[in-house]
Amino acid sequence: MFAALAGAPSVAQPIVWKDNDDLPIAEPAEDHEGDFIWWDGVRDMALYPLGKILDLGELAHEVGELAHIVGPEEAANVNALDEVPDSTWFINRHARRRLSAEALAQGPSGVETEPAADGPLVILSGKSLGMTPGFVMRDAKGDRYVVKFDAPQYPEVATGAELVCSRIMWALGWNVPEYDLFVFSDRRLTIAPDATAKDDYGRKVPFTTDILAAQLKRAYRLPDGRIRAIASRFVPGTTKGSPSLLGVNRDDPNDTVPHEDRRDRRGLRVAAAFINYTDARRGNLLDTFVPDSKERGSAGHLVHYVIDFSSALGAGNIDWKDPKLGNEYLVDPVKGLERAMTLWLVEPAWARLPLQHPALGYFESSIFDPEGWKPSYLNPDFDRATLRDSFWGAKLVASLTDADLRVIVHTGHWSDPRVEDLLTAILVERRQRIARVYFDWLRINPIDRFIVQGSSLRFDDLAVSSGVVDASVTRYRYRFERGAWSSTQAPIVPLADAGPARIEIETSHDAGERWSPPTRVSLAPVEGALQAAELERVTR
Amino acid sequence: MKRPRAPLVAVVLALLSRVALAGPPLAPGEVRERRLFREERPLWREALALPYDAALVVAWPLKRTLFWAEEIHLDDRIANLVRFGRGEDEP
């Protein structure tokens, strides 16, 4: 949409910070294809890679990219500053305007939303999907919640992961449902007369007291007999199933960018790697249709959520996550072949990982490789991520300071206080590893946040601000309109006048020995003030 | 003087925005026309993707089979049959 910079514009359009993908549309049909994980896995692990060969246009582009004839196919929903505008998929939050500690701890709702502390809890149905035990209930206020438990032998593992990771993902910008800790006595539970569940063979059956007893047997109880659970209030609107990972929803006229070309879908990979969200698949996305009015048949728009973090960090829904996940696909033919070639004598690093803590499983940072990290099975959106997409994702992750992470980790309500220290330390180290990889100046110029201040252009070196490079070794060189290079040690470019300009900036993190690919910034008056109007990041 | 009016103004604005939003749905073409971001895939790229589209058609029976197998929990049925010799009605 935005062409490469041809020169400094004399007057620039305001930067698009809000995508208008909430125009009134008719209610789309439901799509539950994402609920079927077997087909999802086969399609993403077998058919999608096959498509890279059978789609001849795709193949030609891949070959062109390998031969350095064409560049990578960049995301389509970015503004002139290479940022993602707010939309029904993603809202710029902490990385753009810092959230308070209270807001970080509160998460999506901004208010207390947990179920009523007293009164009956009416079970409406069993949980229709997922491995974690639980049910759907209505509290005394009339709000509906999905309730999920920890397995008895794995207290706090899944619930802690859900509480912490939902807040991280929300702070970074994705829409997530509200997840609150809910401790309750099973004496409050009643079963609605028409409540249903599914039996072991997936058949709908009445939700009986026997089924409830079986469910509660699979729930961890506190020493006082109460149950520690997660209550997730139903998101506003009517659920419509999961959006596909490829293409657009033909039922939604607002959906005009193929999902694999959305930066918020591609860049999610970095955030998922950060929290070890290996279950980042189609079934864990959710669309809801939010009507504009309460009238029947009202127009409205879809809102897109990322859901279910009970298998993030070291949690595997009902137990600890296999440490293989995150390092290899569930079924990984390449790794399997590699191991076979060594006659299974070479043990992978993940197989030697110690248990970090009973509440955290094997979640750790010492062998975490942000680029090598894998979801349970191939995710086509993640597969399409370019370095610019990952740089964007890393910026989001790096926006969480040590103190921010500590605030969020505290919301896991861990009974052992050591877990807070340990989990914060692991997340800090994973964040630093992400910064080291994606703010690598030899691949992309890690400068950002350009501000015209008086007669100079100031910017941040993200590698320095995130603490992975020392400011003493940084140098910056710049030139105007292909003129001569000037260099500086501070991230400041003096401006000759207050007019439009096009500046090319390169960064060195070895005191000027080698230089990064350029970042080109065009300055132009936007709504009366000179500011960065266009940005071009070159990658290597 | 202005303070007492502020809540009233907020209510009026909220009502007006409600009315403005509560209109009928726009025609799909009009929505597409108004969108700030949209990506068009040229026809020739669609044509070059035809072999892959054909593969998807060929895979359709597999897709339906896997949907069915997962829906009826075929894995559990087989496991129960092998381990316990249990029939369909005794999960």
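Because the structure is a prediction, the values reported are computed rather than measured.

S.K.: Quick rundown of the sheet that holds strand β16 (residues 501-508) of chain A? Include the residues and the values.
M.R.: All names here are of chain A. Strand order across the open sheet formed by five strands is β14-β13-β16-β17-β18, with antiparallel pairing between neighbours. The strands lining the two open edges of the sheet, one partner per strand, are β14 (486-488) and β18 (529-537). Taking the axes of each pair of neighbouring strands and ignoring which way they run, one obtains an average angle of 30° across the sheet. Direction of pairing for strand β13 (residues 475-480) relative to β16: antiparallel, over a ladder of six bridges. Within β16, the position partnered with arginine 479 by the bridge is glutamate 504.

S.K.: For the domain arrangement of chain A, give the residues involved together with the corresponding values.
M.R.: It is common to give the size of an interface as the accessible area that goes away when the parts come together. Residues and elements named next belong to chain A. Here chain A is described as being made up of domain 1 (33-103 + 243-438), domain 2 (109-166 + 176-239) and domain 3 (447-537). Just the C-alpha atoms count here: the centres of domain 1 and domain 2 sit 26 Å apart. Tallying the contact residues gives 32 residues for domain 1 and 26 residues for domain 2. Mapped by element, the contributors of at least two residues to the side of domain 1 that touches domain 2 are β9 (285-291), β10 (300-306) and α11 (402-410). Ranked by residue count, the leading element in the side of domain 1 that touches domain 2 is β9, at four residues. Of the residues that constitute the side of domain 1 that touches domain 2, the class distribution is 20 nonpolar, nine polar and three charged.

S.K.: Could you give an account of the interface of chain B and chain A, naming the residues involved and the relevant values?
M.R.: Contacts between the two partners involve 35 residues from chain B and, on the opposite side, 38 residues from chain A. Elements that contribute at least two residues to the side of chain B that touches chain A include exactly α1 (5-21), α2 (28-34), α3 (43-48), α4 (50-58), α5 (60-71) and α6 (74-84) of chain B. For the side of chain B that touches chain A, the element with the most residues is α5 of chain B, which contributes six residues. Of the residues belonging to the side of chain B that touches chain A, the class tally is 21 nonpolar, two polar and twelve charged.

S.K.: Give me the lowdown on the sheet that holds strand β3 (residues 144-149) of chain A, citing residues and values where you can.
M.R.: All names here are of chain A. With respect to topology, seven strands assemble into an open sheet ordered β4-β7-β3-β2-β1-β5-β6, the strand pairing being mixed. Two strands close off the open sheet at either side, each with one partner strand: β4 (180-184) and β6 (204-206). Within the sheet, the average angular offset between the axes of one strand and its neighbour, ignoring direction, is 30°. Judged from the five bridges that link them, strand β2 (residues 134-138) and β3 form a sheet pairing that is antiparallel. Directly across from phenylalanine 135, in β3, lies its bridge partner valine 147.

Rules behind the numbers
- Residues numbered from 1 in each chain as written.
- Chains lettered and ligands numbered in written order.
- Predicted model: local features only at pLDDT ≥ 70, side-chain atom pairs only at ≥ 80, totals over all residues.
- Pairing = 2+ DSSP bridges.
- Helix = DSSP H or I, 4+ residues; strand = E, 2+ residues; numbered from the N terminus.
- Axes fitted to C-alpha atoms, helices over the stretch in contact; angles between N-to-C directions.
- Domains from an automatic or database assignment.
- Contact = placed C-beta atoms within 7 Å.
- Nonpolar A, V, L, I, M, F, W, Y, C, P; charged D, E, K, R; others polar.

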